[in-house]
Amino acid sequence: MATDVGIKVKVDGEKTFRSAIQAINQQTKELNAEMKAAMAGMSGMASSEEKVAQQTKLLSDYIDKNKEKVQVLSQQYDQAKTRLDELGRELDEAKSKGGENTAEVQRAENAYNRQAAEVAKLGTQLANTNAEIAESEAKLKTLGTSASESAKRLKAAGESLQSIGKGLQTAGGSLTKIGTNLTKYVTAPVLAVGTAAV
């Protein structure tokens, strides 16, 4: 009877776990699709700042969902590992009671092996999800670095334009001075000579 309860609890817990992982995986797929669509649509964005902001938001959301997945996987992994330890003790106990080749030992070994496979599978999923998080965080860092470099380039361009503007202002002042001098020293005397001749 205790085995039946254990199986029911395992099935119910497994169902809840699978539902949670499926929901997170679906949300992650949607974020991936949204990110791809946004990247394709970014060619028409007016500024690189808008692009970077959109990419940063999507990557951050993706990382958050994967961290949520890691939490769920970690909890399930811990439970599965605890159950594996229990099954190991039960296997050792069955071997000490009846020997190596009894039906009870065979059932205990089968249960232990299935649980060991489940623990390994969860460990792989956990490692893969952590690798995805690390990769996404590296992309986010690169995105931040490129945004910083773009800001530096924009600042340098702005400073260059200010310098050019000051140069043009100085040149404009010089041209005004030349125009004033031409009027004063050339045009005015010519007009005076022309007026006196009439």
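Note: the structure precedes this text.
Residues numbered from 1 in each chain as written. Predicted model: local features only at pLDDT ≥ 70, side-chain atom pairs only at ≥ 80, totals over all residues. Heavy atoms only, no water.

*Asks:* Whenever I open this one, the overall build of the protein chain confuses me. Can you help?
*Replies:* Within the protein chain, the regular secondary structure consists of three helices and zero strands. Order of helices (α) and strands (β) in the protein chain, N terminus to C terminus: α-α-α. Counting across all 198 residues of the protein chain, residues that qualify as buried make up 20%. Within the protein chain, counting contacts between residues at least 6 apart in sequence, those at least 24 apart form 79% of the total. Looking at the protein chain as shown, the accessible area adds up to about 13700 Å², and 58% of this sits on carbon and sulfur atoms. (Helix = DSSP H or I, 4+ residues; strand = E, 2+ residues; numbered from the N terminus. Buried < 20%, exposed > 50% of the residue type's maximum accessible area, 1.4 Å probe, protein only. Contact = heavy atoms within 4.5 Å. Areas by Shrake-Rupley, 256 points an atom, 1.4 Å probe, with all protein chains shown as cover.)

*Asks:* Can you walk me through the pattern of salt bridges in this structure?
*Replies:* Close approach of charged atoms allows side chains of opposite charge to pair. What the rule picks out here adds up to ten salt bridges. Put simply, K97 and E93 hold a salt bridge, and the shortest N to O gap is 3.4 Å. With K97 and E93 both in helix 2 (residues 48-98), this residue pair falls four residues apart, about one helical turn. Judged by relative accessible area, K97 falls into the exposed class, the value being 62%. One network of salt bridges, with partners in common, ties together R83, E86 and E90. (Salt bridge = Lys/Arg side-chain N within 4 Å of Asp/Glu carboxyl O.)

*Asks:* Even after reading the chapter, I still don't get the side chain of N66, so can you show me in this structure?
*Replies:* Here N66 shows up in helix 2. Residue contacts for N66: discarding those within four places in its chain leaves T28, T129, E132 and I133.

*Asks:* What's the story with the nonpolar core in this structure? I'm lost.
*Replies:* Generally speaking, soluble globular proteins have nonpolar side chains that are buried together. Within the largest apolar cluster, 13 residues are counted, with the highest numbers of intra-cluster contacts made by F17, I21, V72, L73 and L122. At the level of secondary structure, the elements contributing two or more residues to this core comprise helix 1 (2-41), helix 2 and helix 3 (103-197). In terms of residue count, helix 2 provides more of this core than any other element does, six residues in total. Excluding residues that lie within four positions of it along the chain, V72 makes contacts with F17, A20, I21 and I24. Within the second largest apolar cluster, seven residues are counted, among which are M35, L58, L59 and L143. (Core = buried A, V, L, I, M, F, W, Y, C linked by side-chain atoms within 4.5 Å.)

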